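# A structural walkthrough
Residue-level listing of the chains:
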Amino acid sequence: MTSPEAEQGAGAAGETQVTPEEGAVRPEGGAAPRPEERLERAVRAAEQALIEYEIAVETFRIEVENFSRLHHQKLGPVYARLDELDAQIAEARAARTGDPEDLRKADEARARVMPMPGVEELFHGWMDGDGLFPEAAAMLTEQPVRPPQRVRPSDEARKLYRELARKAHPDLAPDDTERARREEFITRVNAAYARGDEPLLRELAEEWAKGPVPAERGPSRSEELYARLEWLAQRKELLTLVAKELEEGAIGSMLRLAPDDPDRLLDEIAEQLLGDVERRERELAELLGQ
C-alpha cells in the first residue's frame, strides 16, 4: 500500500497549478479564452487532484484500521499476558524485599493490567472476565488456532472503490441536492470497502450507473471560482495533516514496514513477544523459588 504522502509527491495532489496558457486552445480568430474559462480549468484540475489525494488518504486509513484490528486480534492476548507477568514479577519482588519503592512499582504494574470488566470488547472476543478464550490460550502455547478475520480489501475491491469515489465524489456536485445524494452514496461505498465487500461494491457501481446524471456545471463567476480554489487548498492542507497522523502513528508506521506482506510482520512481532513471555515466565519462576 502506497502511503498518501508518497502518492501526493507522485501526483502533486492538491497543488495543481494551471497557467493562463496551459491547455488553452485559441480559436481561429486568435482570441484567447476568457479569464473565467482559464480559472474554471484551474478549479477543475485542482478538484481532480484533491479527489485523487483524498482517495489515497481514505484508502490508507482503511488499511491502517484493518491492520490495527488484525494486530489486536492476533497479538492482544500476548500483550495481556506480558502485562500480567510484569505485574506478578513486580509483586513477587516487592513481597521478597518489602522495600517501599518496590511496593510502589508493584502497584503501578498491577494498575497497568487491563481490568477484567469490558476486556472482552477490547480484545475482540479473545478474552473475558474468566481469562483467555481457548483460541488465545492455544496461540500462547503455539497450538493451532483459528486465524483472525481478514478484512483486507482485494485488489479488485480497491479498483472498484477508487472508480466509484472518482465518479460520485460530493465535491463534483453542482448543487446541494446532488451533494446530499452523493454523500449518502459515498457513505455506503466507504462502508462496503472497509468490509472488503467486493460484490456489494459491484452492486453500488451498477446502481450509480443507472442513477440520474447531474447536469454539467455551468461557468462560474471569478469570485466564486477563487473562493473554490481557496477551499480546495484548505481541504488539501487538512488531508495532509490526516495523512501525516496516520503515517506517523504506531499502526501506520508498522504497516509501512511491510505494506505488501503485513501478515509476515505480525508473525515476526508475535515471535518476539512470545520470546518475551518465556523470559518473564523464567524470571517469575526464579523469584518464586520454583
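Every chain is numbered on its own, with residues counted from 1 as its sequence reads. Per-residue local features of the predicted model are confined to residues with pLDDT of at least 70, and side-chain atom pairs are confined, for both listing and counting, to 80 or more; whole-chain, interface and lining totals are unaffected and use all residues. Side-chain numbers here rest on the full set of heavy atoms in the structure, without hydrogens or water.

A few words on the overall build of the chain. Helix and strand definitions here come from DSSP, where helices need a minimum of 4 consecutive H or I residues and strands a minimum of 2 consecutive E residues; each element is numbered from the N-terminal end. Check the secondary structure of the chain and you find 11 helices and 2 strands. Its helices and strands in sequence order give the chain the pattern α-α-α-α-β-β-α-α-α-α-α-α-α, from N to C terminus. With a 1.4 Å probe rolled over the protein chains alone, any residue whose accessible area is under 20% of its type maximum counts as buried; one over 50% counts as exposed, and the rest are partly exposed. The buried share among the 290 residues of the chain stands at 39%. Areas reported here follow the Shrake-Rupley algorithm with a probe of radius 1.4 Å; residue values treat only the protein chains shown as occluding. Here the chain has roughly 16700 Å² of accessible surface; of this, 51% comes from carbon and sulfur atoms.

Turning next to helix H8 (residues 198–210). Every helix has an expected span of 1.5 Å times one less than the residues it contains. Between its first and last C-alpha atoms H8 spans 19 Å; for 13 residues at 1.5 Å apiece the expected length is 18 Å, and the two agree. Those residues of H8 lying buried are Leu 201, Leu 204 and Trp 208. End-on, the buried residues of H8 take up no more than an arc of 60°, which puts them together on one face. Structural note: H8 exposes Pro 199, Ala 209 and Lys 210 on the side pointing more than 90 degrees away from its buried face. Contacts are assigned to residue pairs that have any heavy atoms within 4.5 Å of one another. Elements that come into contact with the buried residues of H8 comprise helix H6 (155–168) and helix H7 (176–194). Under the rule applied, a polar contact is a pair of N or O atoms within 3.5 Å (in protein, one hydrogen donor and one hydrogen acceptor; residues adjacent in sequence only if both atoms are side-chain atoms). Capping the start of H8 is the job of one residue whose side-chain oxygen sits 3.1 Å from the backbone nitrogen of Leu 200: Asp 197. Of all possible arcs, the one meant is that of the directions from the helix axis to the C-beta atoms.

On average, the chain scores 75 in pLDDT, and the residues at 70 or more come to 71%. Summarising per-element confidence for the chain, the mean pLDDT is lowest in helix H4 (residues 119–122) (40) and highest in H8 (91). Values of pLDDT, which run from 0 to 100, indicate the predictor's confidence residue by residue. Confidence drops under a pLDDT of 50 for residues 9–27, and excluding neighbours within four residues, the segment shows 25 contacts in the predicted structure. Here residues 116–133 is a poorly scored stretch, pLDDT under 50, and it has 34 contacts once near neighbours within four places are set aside; other chains count.

Time to look at the side chain of Asp 102. The residue Asp 102 is located in helix H3 (residues 100–112) in this model. In this structure, Asp 102 is buried with no salt-bridge partner, the nearest side chain bearing the opposite charge being Lys 105 at 5.0 Å. Contact partners of Asp 102, with chain neighbours within four places excluded, come to Ala 90, Arg 93, Ala 94 and Thr 97. Lys and Arg are tallied as positive, Asp and Glu as negative. Neither His nor the chain termini are counted. One speaks of a salt bridge when a side-chain nitrogen belonging to Lys or Arg is within 4 Å of a carboxyl oxygen belonging to Asp or Glu.

With that settled, consider the pattern of salt bridges. By the definition in use, this model includes 24 salt bridges. A salt bridge links Arg 104 to Glu 101; its shortest N-O distance comes to 2.3 Å. Here Arg 104 and its partner Glu 101 are both found in helix H3, 3 residues apart, which amounts to about one turn of the helix. On the basis of relative accessibility, which here comes to 37%, the residue Arg 104 falls in the partly exposed class. Since its relative accessible area comes to 35%, Glu 101 is described here as partly exposed. Of the charged contacts in the structure, one is a salt bridge between Arg 264 and Glu 268, with a shortest N-O distance of 2.6 Å. With Arg 264 and Glu 268 both in helix H11 (residues 262–287), this residue pair falls 4 residues apart, about one helical turn. What makes Arg 264 partly exposed here is its relative accessible area of 39%. Owing to a relative accessible area of 33%, Glu 268 belongs among the partly exposed residues under this scheme. The network of salt bridges with common partners includes Glu 58, Arg 61 and Glu 65.

Viewed as axis vectors pointing N to C, H6 and H7 meet at an angle of 170°, and their least axial separation amounts to 10 Å. By the angle class used here, H6 and H7 are roughly antiparallel. Where H6 abuts H7, its residues Ala 157, Arg 158, Tyr 161, Leu 164, Ala 165, Lys 167 and Ala 168 lie against Arg 182, Phe 185, Ile 186, Val 189, Asn 190 and Tyr 193. Each residue gets one of three labels, nonpolar for Ala, Val, Leu, Ile, Met, Phe, Trp, Tyr, Cys and Pro, charged for Asp, Glu, Lys and Arg, and polar for the others, Gly among them. Each residue belonging to the contact of H6 with H7 can be placed in one class, and the counts come to 9 nonpolar, 1 polar and 3 charged. To obtain each axis, a line is fitted to C-alpha atoms, and for helices this fit is confined to the stretch in contact; angles are then taken between N-to-C directions over 0 to 180 degrees. When an angle is under 35 degrees it counts as roughly parallel; over 145 it counts as roughly antiparallel; between 65 and 115 it counts as roughly perpendicular; any other value is oblique.

Take the packing of aromatic side chains next. What characterises a pair of aromatic rings is the spacing of the ring centres plus the angle enclosed by the ring planes. Side-chain rings of Phe, Tyr and Trp (the six-membered ring for Trp) are treated as a pair once their centres are within 6.5 Å; stacked means planes under 30 degrees apart, edge-to-face means over 60, and tilted covers the remaining angles. Taken as a whole and assessed by the stated rule, the structure comprises 2 aromatic pairs. An angle of 15° between the planes, with centres 4.3 Å apart, marks the rings of Tyr 161 and Tyr 193 as stacked. Here the residue Tyr 161 occupies a position in helix H6, and Tyr 193 occupies one in helix H7, the gap between them amounting to 32 residues. With respect to burial, Tyr 161 and Tyr 193 carry one shared label: buried.

Before going further, it helps to spend a moment on the environment of Leu 239. Looking at where Leu 239 falls in the secondary structure, it is placed in helix H9 (residues 222–248). With relative accessibility at 6%, the residue Leu 239 sits in the buried group. C-alpha of Leu 239 to C-alpha of Tyr 53: the two residues are 186 residues apart in sequence and 8.0 Å apart in space. Residues in contact with Leu 239, not counting those within four places in the same chain, are Leu 50, Tyr 53, Glu 54 and Val 57.

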